[in-house]
Each structure stands twice: as C-alpha cells, then as structure tokens.
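# Summary of the model geometry
In case you want the letters, here they are:
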Amino acid sequence: MAGAVFTAGILAVASIVASTPAIAQPIDKGHFHDVFKSDVYDCEGTPAQDSVDVSGNFVFNQRGSSPFPYYRESVHGTVVTTNLNNGGTFTNIFSVSTRDHTIVDNGDGTITITDFASGGSRFYDTHGNFVLKDPGQVRTAVDINYNGTPADHNDDVEIPGYFQIVRSSTGNSDFSNRDFCADLVKYTS
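Keep in mind that this is a model prediction, so the values were computed, not measured.

### Considerations on the confidence of the model for the chain
With 87% of its residues at a pLDDT of 70 or more, the chain shows a mean pLDDT of 87. Across the chain, strand β2 (residues 41-43) holds the top mean pLDDT of 98, while helix α1 (residues 2-19) sits lowest at 44. Every residue in residues 1-21 scores below 50 in pLDDT, and together they form 0 contacts with partners more than four places removed in sequence or on other chains.

### Topic: the state of the cysteines
Under the counting rule described, the total for this entry stands at 1 disulfide. Sulfur-sulfur distance for the disulfide between Cys43 and Cys181 comes to 1.9 Å. Here Cys43 and Cys181 share a disulfide; its torsion about the S-S bond, -95°, makes the bridge left-handed. Placement of Cys43 in strand β2 and of Cys181 in helix α2 (residues 180-187) is noted, with a sequence separation of 138 residues between them. Summarising the burial analysis for this pair, Cys43 and Cys181 share the class buried.

Rules used throughout
Residues numbered from 1 in each chain as written. Predicted model: local features only at pLDDT ≥ 70, side-chain atom pairs only at ≥ 80, totals over all residues. Heavy atoms only, no water. pLDDT = per-residue confidence, 0-100. Helix = DSSP H or I, 4+ residues; strand = E, 2+ residues; numbered from the N terminus. Contact = heavy atoms within 4.5 Å. Disulfide = S-S within 2.5 Å. Buried < 20%, exposed > 50% of the residue type's maximum accessible area, 1.4 Å probe, protein only.

Following this line, the structure appears as structure tokens:
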C-alpha cells in the first residue's frame, strides 16, 4: 500500500511538472528604426544616392538543448534611390522575415548557421507607378567564430569567405538577369 501511495505521489508530481510550460526568456531582443542617406556612388556611370528608412525587431532565444542562441528578425522599410543626373527616383518598399533554421557546431570553435528568409520588394518609378516585384524565400549559410562563448552572440565574428546561398530565391521575381543601374536610369527618366 505504501508503495502504491508513493508511486501515485510521484505520478502526480510528474504530471504537474509535465503540464507546466517551460518559460524561456529571450537572451536579447529589441526594436530599431534607422533613417540615413548613403554617400553618393557611381551606378555604372550614373551618380546615385540612397535614402533609407528601415524599422524592425529581433530576438535571440535558446532552442532545445543547443548552447547557441537562435536569431529571428522582421524588417520593413523603404529605399529611395535618386538618379542625381535628373533628380528622378526609383523606390523599393520591402518587408522580410529571417530566422535561423539550423546551427551546426563544426567542432573547431566555429558554427555554421543556415538562415531562412522570406519576404518581398515592390519597386516604383519616379512617377509612383509599380514597375517590378521581387517576392520569395531564400536560404543562406554563414560560418561564425563564436570565440569560445556559445551563449554570447556579442563576440561572434563572421568568417570572411564563408557566406553561401544554400537555396536561391523561390519567388516569381522580376529581377532575373536584370541590371539595377540600367533600371535606375530607365525608371527615373
């Protein structure tokens, strides 16, 4: 009888523990809003300048037993590229969500992070007419030196030359075989 009561007590405690959700506090999270103008640059013979207004949020969370924090980010904004020869503008309104899909410990002090990103861009000519779209999903991978501190993303360093496209865009993009600088001239005239 005492064994049955003890077993019932253990089962009751186990059911309470099993039904209590795990509460994972984010390691880091935040919101941002950046507004800036680029330096003037040469876009294949056309002087250009970008005006950028971008907002978003991000979060780093632990996932399962992994010592590495997973990252998620949502960003939206506008990039207005001005053709400085004529003052015309080519506007990109975009929204994208990115998240770490997998993190693999390479065993040498580095990790490979595979990201999944989805979203799109809509482009407008100098008269405000919708002219091009670029929707879709893409997977990329990058190798990171985590400097011996897996849980601290603040000291992580991207290893130069180790960024790659794992899966190219799946969207119905108008940008296949296009030249942005040629489009800048075309859509700002």
